[in-house]
Amino acid sequence: MRETPQELEELQALLDASLSRSTSHLRSIVAERTLNAEQLTRVLTGMCTLALSTVTAKGEPRISGADGHFLHGRWLFGTARDAAKARHLAARPVASVAHMRGDDLGVFTHGTVEILNPRDGEPAADWPGLLAYFKDFYGENAFDWDNDVVYYRLHPHWMTVYAPDLAKLTS
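Residues numbered from 1 in each chain as written. Predicted model: local features only at pLDDT ≥ 70, side-chain atom pairs only at ≥ 80, totals over all residues. Heavy atoms only, no water.

> Mind showing me how you'd approach the pairing of strand β2 (residues 61-71) here?
Here is the key point about a regular strand: its side chains alternate between the two faces of the sheet. Sheet analysis places strand β1 (residues 47-55) next to β2, joined by nine bridges and oriented antiparallel. Among the inter-strand pairings, M47 is bridged to a residue of β2, identified as H69. In sequence, β1 turns back onto β2 through a hairpin of five residues, with G59 there showing a positive phi of about 80°. Bridging between β2 and strand β3 (residues 74-80) involves four bridges; their strand directions are antiparallel. The residue of β3 that forms the bridge with H69 is L76. Connecting β2 to the antiparallel partner β3 that follows it, the hairpin turn spans two residues, and H72 within it adopts a positive phi of roughly 55°. (Pairing = 2+ DSSP bridges. Helix = DSSP H or I, 4+ residues; strand = E, 2+ residues; numbered from the N terminus.)

> Just to check I follow, could you spell out the environment of E122 for this structure?
Inspection of the secondary structure assignment puts E122 in the loop between β5 (105-115) and α5 (127-138). Separated by 98 residues in sequence, E122 and S24 place their C-alpha atoms 43 Å apart.

If you want it as structure tokens, here you go:
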């Protein structure tokens, strides 16, 4: 768990607000089967496969897979700089992601993306620490980190979690 107490508070506020703004149907499914911010950050460790949805220039949805890392209460994910999803996100920096583990866990998030390591611009202030994390996870020489991959942080405006049995997730 890498989240600060403030990041956990912000994540909990987001989870609470998102659920309160959800439909009665979704609340009836999730309300008694969810995780709080601290539980969620303990469950989402390492690499989590994400279903990432972007939008084309014609307004059509596109879904693809991405390696997701939940750090500091936000999803981080990367792709090749020349991938279709990178072009979509450059033009329309909005995305939805879902991480599911069978019937045991579903984390659904909508928000805007921030490029962490733009090719022609200043990287995010915390990029050096995040890059160290990614190099440790994938290997120092897994990519040409400056030219091959672009990383994003999803700033969520809505997030909900479905987890009917916390014990199954932590055993």
